[in-house]
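Structural description and commentary
If you want the building blocks of each chain, they are given just below.
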Amino acid sequence: MAASFARRYRLTKTDEYSSVFGFRKAIRGNWLMLHYLPRPEGDIDARLGLVIGKKLLKRAVDRNRVKRIVREQFRLRRSALPVCDLIVRLATKPLPLDGKAIAADINVLFDRLCRPRAKKESA
């Protein structure tokens, strides 16, 4: 399996981002929030988009570091993830900016996404 972050594994268009945000399903971690939208049958790969705003991290070097960490964790775990469009965004300002804590947070979110959810019983 190729472990690259090729274009087919990325969300690139504005309407792709809009459809994921419009689905309104998200999992929140300590610093990150993972929005997801299941992809149609026949698609075989998960795709990732990133939203790291200036409001929470002023310095470009910090925003780029968070993006690098998230992309690397996605790249390593892509084969185990469900076939979804994923958007990772910064929910709160991580102080201090610790790469290991960010990596652990995104891994927890990926684990929660992969976990089968219990179905609610209808009365």
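This one's a predicted model, so the numbers in the text were calculated from it and none came from an experiment. (Residues numbered from 1 in each chain as written. Predicted model: local features only at pLDDT ≥ 70, side-chain atom pairs only at ≥ 80, totals over all residues. Heavy atoms only, no water.)

Quick notes on the overall build of the protein
For the protein, the count of helices and strands is three helices and four strands. Listing each helix as α and each strand as β along the protein from the N terminus yields α-β-β-β-α-β-α. Here the protein has a C-alpha radius of gyration of 15 Å; the compact-globule value for 123 residues is 14 Å, and the two agree. With the C-alpha coordinates of the protein rotated into their principal frame, the extents come out at 50 × 40 × 30 Å. Sequence-distant contacts in the protein: of pairs separated by 6 or more residues, those separated by 24 or more amount to 79%. When the accessible surface of the protein is totalled, it reaches about 7,800 Å², and 51% of it is carbon and sulfur. Distance from the positive charge centre (29 side chains) to the negative charge centre (12 side chains) of the protein: 7 Å. (Helix = DSSP H or I, 4+ residues; strand = E, 2+ residues; numbered from the N terminus. Rg over C-alpha atoms; globule rule 2.2 N^0.38 Å. Contact = heavy atoms within 4.5 Å. Areas by Shrake-Rupley, 256 points an atom, 1.4 Å probe, with all protein chains shown as cover. Lys, Arg positive; Asp, Glu negative; His and termini not counted. Charge placed at Lys NZ, Arg CZ, Asp CG, Glu CD.)

Details of the environment of I69
Along the chain, I69 falls in helix α2 (residues 60-77). Separated by 33 residues in sequence, I69 and I102 have C-alpha atoms that sit 7.3 Å apart. If near-sequence neighbours (up to four positions away) are discounted, I69 is found in contact with G99, I102 and A103.

Examining the nonpolar core
Nonpolar side chains in soluble globular proteins tend to end up buried together. Of all hydrophobic cores here, the largest spans 26 residues; its most connected members are L32, L34, L48, V70, F74, L86 and V88. Put simply, the parts of the chain that give this core at least two residues each are β2 (32-38), β3 (47-51), α2, β4 (84-90) and α3 (99-114). At six residues, the largest contribution of residues to this core is made by α3. Not counting residues up to four positions away in its chain, the partners in contact with F74 are F5, Y9, A46, R47, L48, L81, L86 and F110. (Core = buried A, V, L, I, M, F, W, Y, C linked by side-chain atoms within 4.5 Å. Buried < 20%, exposed > 50% of the residue type's maximum accessible area, 1.4 Å probe, protein only.)

Geometric values such as these leave the question of function open.
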